[in-house]
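The residues making up each chain are set out below.
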Amino acid sequence: MTAYTDKIRQIASKLLTEGKVDMVIGFRKGSIPMMNQPLFIKTPGEAQELIWDSHCALNLANYVTNRKEKIGIVAKGCDSRNLVTHIIENKITREQLHIIGVPCTGMVDRHKVSAMIEAEITAIEESGDSIKISGNGFSKELKKTEVLQENCAGCTHRNPVIYDELVGELVPEQSGVDPYASVREVESMSPEEKWNYFEDLISNCIRCYACRNACPLCYCPTCFVDESRPQWVGKSQDPTDVRTFHLLRAYHCAGRCSDCGACERACPMGIKVREFTKKLNKDCLELYGWEAGLTVDARPALDTFKADDPQDFIK
Amino acid sequence: MKNLLEHTGIEPGRLHFSWISSAESTKFVDVVKKITEEVKALAETKKYVKTSTQG
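Rules behind the numbers
- Residues numbered from 1 in each chain as written.
- Chains lettered and ligands numbered in written order.
- Predicted model: local features only at pLDDT ≥ 70, side-chain atom pairs only at ≥ 80, totals over all residues.
- Heavy atoms only, no water.
- Phe/Tyr/Trp six-rings, centres within 6.5 Å; stacked < 30°, edge-to-face > 60°.
- Helix = DSSP H or I, 4+ residues; strand = E, 2+ residues; numbered from the N terminus.
- Buried < 20%, exposed > 50% of the residue type's maximum accessible area, 1.4 Å probe, protein only.
- Pairing = 2+ DSSP bridges.
- Contact = heavy atoms within 4.5 Å.
- Axes fitted to C-alpha atoms, helices over the stretch in contact; angles between N-to-C directions.
- Buried area = accessible area lost by both parts, 1.4 Å probe.
- Salt bridge = Lys/Arg side-chain N within 4 Å of Asp/Glu carboxyl O.
- Polar contact = N/O pair within 3.5 Å; in protein donor to acceptor, adjacent residues only side chain to side chain.
- Nonpolar A, V, L, I, M, F, W, Y, C, P; charged D, E, K, R; others polar.

**Structural notes on the packing of aromatic side chains**
Consideration 1: Inspection of every chain in the model, using the stated rule, returns eight aromatic pairs over all chains.
Consideration 2: Centroid distance A:Phe40 to A:Tyr63: 5.6 Å. Interplanar angle 85°. Geometry classified as edge-to-face. Here A:Tyr63 lies in the loop between strand E2 (37–41) and strand E3 (71–75) and A:Phe40 lies in strand E2, a separation of 23 residues in the sequence.
Consideration 3: Its relative accessible area of 25% is what places A:Tyr63 among the partly exposed residues.
Consideration 4: Centre to centre, the rings of A:Trp195 and B:Tyr48 are 5.4 Å apart; their planes meet at 75°, and the pair counts as edge-to-face. Within this pair, whereas A:Trp195 is found in helix H6 (residues 191–201), its partner B:Tyr48 is found in the segment after helix H2 (25–42), the two belonging to separate chains.
Consideration 5: When its relative accessible area of 27% is taken as the criterion, B:Tyr48 is described as partly exposed.
Consideration 6: Ring-pair connections join several aromatic residues into one group, and the members of that group are A:Tyr197, A:Phe198 and A:Phe276.

What follows is the structure in structure tokens.
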């Protein structure tokens, strides 16, 4: 995937030189390994800072909300689905975007890699499917497929669904993967086990809201957790407040989530916050045949009413 | 909503949804009776009960 870097730079530089866009949003190398940063460039000269590797897991659709400029944006499969959602929700227009599509083979799970090594990782290099991590006195070679983010391992939309040009050949979509395996596992538990599973899952949440901030869907001017009149949810570390936050955050993403994994990646405590949103994604698919962000021509599941919508929960 | 709450451990039978017109007084009575019975059968909940006074 690193070969995409040159192509991205070339396209960005061309777009800015020709004045087709006012700004290009992409990634640059982060100050520590595995933490690439979003980069906004406005001149062709800056294009050399753009990069692509397996650590570009943030979702760049997060940065186009309510923008007025013409924007060139680097987008992998999930980013493109969130751009579609942004367009549907009138957060940006299609005409404002020049989408630089990136066929993606998955992103590396920084939590997983860090957990494998006790020492501090100071450098990480990749070539093809192998990843080499190194630090003070050690170096280790890993297979990328072993350390993929969970959402990438089960991803069925690796190619951008909407784009103006591509940086490389489309990649084959995965078949035979089950994105909802862990949801099924929880579904088979008793209510008590379910309760305890989630109690344990979120027990070390520090309410930093990094999951919310990383999410392209969370663009409300004032988030429900920040409001105090009325105060929808307690601001404490009480388990009830923590759970309420996670539950409501998930509901706000219902029928909109592309399972990009930005929330889970951003979490400093390594909480699997996608366990909440994934259940809703699965429900949307099973109840309404809906997957978010695949087309600008259909209204989202929770935005329409059909006579045959399942309604047996209403007595 | 019901699905996710039950997925995260709320017992089936704790949460009910109903659509009752203001003209359907008998349906209202029936539904309330049924809910009361089902919830009583589940006993007092310890879930979503905030014990601390902070926040």
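**Topic: the sheet that holds strand E4 (residues 97–101) of chain A**
Residues and elements named next belong to chain A.
Consideration 1: Judged by pairing direction, the sheet is mixed, and its five strands sit side by side in the order E2-E1-E3-E4-E8 without closing on themselves. Two strands in the sheet have a free side with no partner beyond their single neighbour: E2 and strand E8 (165–166).
Consideration 2: Two elements, E4 and E8, share two bridges in a ladder whose sense is parallel. From the neighbouring strand, Ile100 faces E8, where its bridge partner is Glu165.
Consideration 3: Of the strands in this sheet, E3 and E4 are in contact with helix H2 (residues 77–88), which crosses E3 at around 135°.

**Some details on the interface of chain B and chain A**
Consideration 1: Taken residue by residue, the interface counts 24 residues in chain B and 29 residues in chain A.
Consideration 2: Ranking the residues of chain B by area buried against chain A places B:Leu4, B:His7 and B:Tyr48 at the top, with a combined share of 34%.
Consideration 3: Where chain B meets chain A, there are two salt bridges.
Consideration 4: Summed over the shared surface of chain B and chain A, the result is seven residue pairs in polar contact (both at pLDDT 80 or more).
Consideration 5: It is helix H1 (residues 2–7) of chain B that contributes the most residues to the side of chain B that touches chain A, six residues altogether.
Consideration 6: Across the side of chain B that touches chain A, the residue classes break down as nine nonpolar, nine polar and six charged.

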